[in-house]
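Chains, contacts and geometry: an overview
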Amino acid sequence: MVEVKTADQLNKKFLRDGMWPTIFCNGCGHGVVLEYTLWALEELGWDMDKTVFASGIGCSSRMPGYINADGLHTTHGRAIAFATGIKAANPDLNLIIFTGDGDCAGIGGNHFIHAARRNMDMTVIMINNFIYGMTGGQLAPTAPLGSIATTAPYGNIEPPFDICNLAKALGANYVARWTVTHPYQPIKSVKDALSKKGFSLVEFLAPCPTAFGRRNKLGDIKKHWEWYDNNTILIEDYERIMNYGTEKEKEEVKDMFPIGVFQDLNNPGFFERYEKLVDRVMGGSPKTPVKAKAVVQK
Amino acid sequence: MVYKRDPKKIREVLGNKVQFLLGDMACVYGGLLAGVSFFGGYPITPASEVAEGMARMLPRVGGTYIQMEDEIGSIAAVIGAAWGGAKSMTATSGPGFSLMMENYGFAVMTETPCVIVNVQRTGPSTGQPTLGAQGDMMQARYGTHGDLEALAFAPSTVQECLDLTIEAFNLSEKYRNPVCVMTDGEMGHLRERIVIPDEKDLKLINRVEATISKNKYIPFTNSQTVKGSKVPDFPTFGIGYHTYVTGLTHNEKGFPATDKQKDHERLVKRITEKITDDADKLVKVEKFNLDDADTVFVTYGASARPAETAMEIARSKGKKVGLLTLKIVWPFPEKIVAKLAKQVDKIIVPEMNLGQIYHPVREAACGNCEVEVAPKIGGEMHLPVELLKYLGVK
Ligand SMILES: Cc1ncc(C[n+]2csc(CCOP(=O)(O)OP(=O)(O)O)c2C)c(N)n1
Ligand code: SF4
Ligand SMILES: [Mg+2]
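Residues numbered from 1 in each chain as written. Chains lettered and ligands numbered in written order. Predicted model: local features only at pLDDT ≥ 70, side-chain atom pairs only at ≥ 80, totals over all residues. Heavy atoms only, no water.

1. With respect to the overall build of chain B
Applicable threshold: Helix and strand definitions follow DSSP, with helices as H or I runs of at least four residues and strands as E runs of at least two, each counted in order from the N terminus. To get the radius of gyration, use the C-alpha atoms; to get the globule rule, take the number of residues to the power 0.38 and multiply by 2.2 Å. Type-normalised accessible area, obtained with a 1.4 Å probe on protein chains alone, sets the label of each residue: buried when under 20%, exposed when over 50%, and partly exposed for intermediate values. Here a residue-residue contact requires only that any non-hydrogen atoms of the pair lie within 4.5 Å. For accessible areas, the Shrake-Rupley method is used with a probe of radius 1.4 Å. Any residue's cover is judged against the shown protein chains and nothing else. Residues scored as positive are Lys and Arg, those scored as negative are Asp and Glu, and His as well as the terminal groups of each chain are ignored. Taken as the charge centre is NZ of Lys, CZ of Arg, CG of Asp or CD of Glu, depending on the residue.
Counting its regular elements, chain B contains 13 helices and 16 strands. Here chain B has a C-alpha radius of gyration of 21 Å; the compact-globule value for 394 residues is 21 Å, and the two agree. On the principal axes, the C-alpha backbone points of chain B span a range of 70 × 50 × 40 Å. Within chain B, buried positions represent 62% of all 394 residues. In chain B, of all internal contacts separated by at least 6 residues, the share reaching a separation of at least 24 is 77%. Element-wise, carbon and sulfur atoms account for 51% of the exposed surface of chain B, whose accessible area totals about 14,900 Å². When the 46 positive and 47 negative side-chain charges of chain B are each reduced to one mean point, those points stand 5 Å apart.

Laid out in structure tokens, this is it:
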């Protein structure tokens, strides 16, 4: 096996023949997330025969098509539920879900919530471009207040969804948010997420120049990408300022997106608990099944 | 750990060979005997007993039961499990069946074997949750968007709930298509004597797994193993075929072909023809007193029970009445009904709806005899006397 050092070598190793070029527009952030994920997989040395990708519908959800591995491109918002079944049928498989902000936080919100609550063993990579890219720029549940979408022509009046804090509150084992503009922390973060048992989420803030940047006057592609650096702050800094900063400092950062690792736990994943249950009930005689002893835990 | 069907374990968990059993539980038994290893469900009357039975029994045979967040998630997980290598199943009733429609179509388009039990209750909407009906028969056929062929069974005894659930798995594995078991609140909550078939009498079909070398493998085309079969070999996830499975129109390699007329036509024709080509083999009906009949009931599911009684009463009064009970409703046994229409004066279609299967019956009869629907709604079964009126018997 040749050592992978360049992006070309990486692509050769991981991408599916015959699917190139991608559907992504110039300046789209999705391709970068794909590359970061592939670098993480390369560093982990995972067996691609045992790695399955699932996705919903959207530009971001096209990702599994490009990767030379088993991939299930499902219905809008439902990938996490499909992946739950794949994992149940074969817990030896590693499940990676690519999803968009509309796919995951909009139509698929319920599946996301419950998979996080179950600590379902899978990694969700949600690409948040604040917009429904594929369908031409309609309002997403993550759209910043005041932003313009084709279906919010006078500016968005709905407070946006913070999917990382939601996952954190639900007890997901690993939660992080990054932008696509820096490679190193995100690649490490994806690696950490993939290595976790239970539910892990990495959210990427990614530009969609076509459907979001253009309409919101974020400038050309270069300027649009810079917007992500100028509007994000490391979560440690954000929390320090919000707790101990001056009013002026707070004012400066309050509308920025905190990025970094939001949660890092090692609680048992769903299948660890399920396997214990199976051991317990299969151990008893089939004629007299184990009596459930109710132990209500908080 | 990947599930391996263990007949001894299954039979230990199911218990005695002869039992007095609830219809919903008979679907559980059928599933377990067929080798189901994943059930994803969401509670709904009158189908909840299927989920409850699975929650009790599946872990004890080493399978996985998960109560999903809704029916959309249930069927999604069931389809995912099939790709992970499992025989998988869900059970629901009208409102949940409606929620499943989008992913039901996804299962058709991606050629995913799975079984959906629909214990029908009255509708539209929430209707009468505890009461039986047959209002979803057309939904099983036409409820999801696009062109497809449906496979659906309709049991009319508790024993058939068991047997036909096994058959449903067999057809889903054989044709790589979702299969519906259309029971109803009456069947689901009826208790009857059942006999668990012996292992040696069970005929189980398993999907043809892809075995051809990876560089020759074509995922969405005629079988590369079984000559003449339009059903592709199944590349279970995790065995190295690296298949891309999408609900978008795809070419034979599985790649999106969203703007190609030819690819769409080829794909949809193959996934419908794999079923229509076998339409004659897929007939499963029961015939009573058809030879000399001038009037026949054509019916299915719970409605076959009062129809049978009505037929017997009418016969005892000298009327030449017959009964044709459909066990597989989709594909519709068109040829049989067409032939019958040429022989009899009248076909009566008792249904617990305002007339659904009545329509394909009329289409097949093609004006060769009179066809009348005998509808009953509101959560009650037909009384035999009500059906006798259609025969002019007092
Ligand atoms: C049930 C259903 N509703 C609506 C659509 C149309 N649709 C396709 S993609 C999409 C939005 C995707 O947005 P997002 O997940 O943010 O992905 P992006 O394209 O921005 O990466 C919608 C609404 C659909 N395919 N299915
Ligand atoms: S529409 Fe937006 S999200 Fe979709 S490919 Fe283009 S830039 Fe990317
Ligand atoms: Mg988006």
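2. Here's the deal with the packing of helix H1 (residues 7-14) of chain B against helix H3 (residues 48-61) of chain B
Two numbers describe a pair of packed helices, the interaxial angle and the distance between the axes. Residues and elements named next belong to chain B. Note the cut-off: Lines fitted to C-alpha atoms define the axes, with helix axes restricted to the stretch in contact, and inter-axis angles between N-to-C directions lie between 0 and 180 degrees. Roughly parallel refers to an angle under 35 degrees, roughly antiparallel to one over 145, roughly perpendicular to one between 65 and 115, and oblique to any angle outside these ranges. Crossing handedness is defined as follows: a turn of the near helix away from the far one that is anticlockwise and smaller than a right angle gives a left-handed crossing, while the clockwise case is right-handed. Ten residues, namely Ala, Val, Leu, Ile, Met, Phe, Trp, Tyr, Cys and Pro, are considered nonpolar, four, namely Asp, Glu, Lys and Arg, are considered charged, and the remaining ones, Gly among them, are considered polar.
At a closest axis distance of 9 Å, the pairing of H1 and H3 adopts a crossing angle of 150 degrees. Accordingly, the angle class assigned to the pair H1 and H3 is roughly antiparallel. H1 and H3 meet at a crossing whose hand is right-handed. For the pair H1 and H3, the contacting residues are Lys 9, Ile 10, Val 13 and Leu 14 in the first and Met 57, Arg 60 and Val 61 in the second. Of the residues in the contact of H1 with H3, the class split is 5 nonpolar, no polar and 2 charged.

3. Overview of the sheet that holds strand E13 (residues 321-326) of chain B
Residue and element names in this part refer to chain B. To keep things clear, this is the line we draw: Two strands pair under a simple rule: DSSP has to find at least two bridges between them.
One open sheet holds the 5 strands; their spatial order is E11-E13-E12-E15-E16, and the pairing between them is mixed. Every interior strand has two partners, whereas the edge strands, strand E11 (285-288) and strand E16 (370-375), have only one. Taking the axes of each pair of neighbouring strands and ignoring which way they run, one obtains an average angle of 20 degrees across the sheet. Summarising the sheet, strand E12 (residues 295-300) and E13 pair through 6 bridges and their orientation is parallel. Looking at the pairing, Thr 299 lines up with Thr 325 of E13. Against the sheet, helix H10 (residues 304-316) engages E11, E12, E13 and strand E15 (346-351), with an angle of about 165 degrees to E13. On the sheet, helix H11 (residues 334-343) packs against E11, E12, E13 and E15 and is oriented at approximately 170 degrees with respect to E13.

4. Considerations on the interface of chain A and chain B
Our working rule: Put simply, buried area is how much 1.4 Å-probe accessible surface two parts lose in total, over both of them, once they are put together. Note on definitions: salt bridges are taken to be side-chain nitrogens of Lys or Arg within 4 Å of carboxyl oxygens of Asp or Glu.
Contact residues are listed per partner, giving 48 residues for chain A and 47 residues for chain B. For the pair chain A and chain B, the summed buried surface comes to about 3,900 Å²; carbon and sulfur atoms form 61% of the total. Where chain A packs against chain B, one counts 1 salt bridge. We note a salt bridge from Glu69(B) to Arg118(A), for which the minimum N-O separation is 2.8 Å.

5. Focus on the domain arrangement of chain B
Residues and elements named next belong to chain B. Put simply, the rule reads: As used throughout, domain bounds are those supplied by an automatic or database domain assignment.
When the domains of chain B are assigned, the result is domain 1 (7-201) and domain 2 (285-391). Centre-to-centre, using C-alpha coordinates, domain 1 lies 26 Å away from domain 2. Between domain 1 and domain 2, the residue contacts involve 28 residues of the former and 24 residues of the latter. Both faces combined, the contact of domain 1 with domain 2 buries some 1,900 Å², and carbon together with sulfur accounts for 56% of it. In terms of surface lost to domain 2, no three residues of domain 1 exceed Gln 134, Met 137 and Met 138, which account for 31% of the buried area on that side. Summed over the shared surface of domain 1 and domain 2, the result is 2 salt bridges. The shortest N-O distance in the salt bridge between Glu 160 and Lys 327 comes to 2.8 Å.

6. Structural notes on helix H2 (residues 23-34) of chain B
Residue and element names in this part refer to chain B. As a reminder, the rule being used: Helix span, as expected, comes to 1.5 Å for every residue beyond the first.
Compared with the 16 Å implied by 1.5 Å per residue over 12 residues, the 17 Å span of H2 between its first and last C-alpha is a close match. Among the 12 residues in H2, 12 count as buried, and that is most of the element. For H2, the set of buried residues is Gly 23, Asp 24, Met 25, Ala 26, Cys 27, Val 28, Tyr 29, Gly 30, Gly 31, Leu 32, Leu 33 and Ala 34. Immediately downstream of H2, the backbone of Gly 35 shows phi near 105 degrees, a positive value.

7. Section: the coordination of the magnesium ion (ligand 3)
Residues and elements named next belong to chain A. The cut-off we apply is this: Think of the donor list as every N, O and S atom within 2.8 Å of the metal, or within 3.2 Å for Na, K and Ca; water never makes the list, so a site can look incomplete.
Listed as protein donors to the magnesium ion (ligand 3) are Asp 101 (OD), Asn 129 (OD1) and Ile 131 (O); their distances from the metal cover 2.0 to 2.2 Å. Mapped onto the sequence, the residues coordinating the magnesium ion (ligand 3) show the spacing D-x27-N-x1-I. A residue pair is termed long-range when its members are at least 10 positions apart, and Asp 101 in helix H5 (residues 101-107) and Asn 129 in the loop between strand E4 (122-128) and strand E5 (131-132) qualify at 28 residues. The buried category is assigned to Asp 101, whose relative accessible area is 2%. For Asn 129, a relative accessible area of 4% translates into the label buried.

8. Quick notes on the nonpolar core
What counts here: Nonpolar core, defined: a set of buried Ala, Val, Leu, Ile, Met, Phe, Trp, Tyr and Cys residues in which side-chain atoms within 4.5 Å join the residues together.
Counting residues in each nonpolar core, the largest one holds 148 residues, and the members touching the most others are Leu201(A), Tyr29(B), Leu32(B), Met89(B) and Ile347(B). Shared between two domains, this core takes at least three residues from each, and those domains are domain 1 (7-201) and domain 2 (285-391) of chain B. The contacts of Leu32(B), once residues within four sequence positions are left out, are Arg5(B), Ile10(B), Leu14(B), Met54(B), Met57(B), Leu58(B) and Val61(B).

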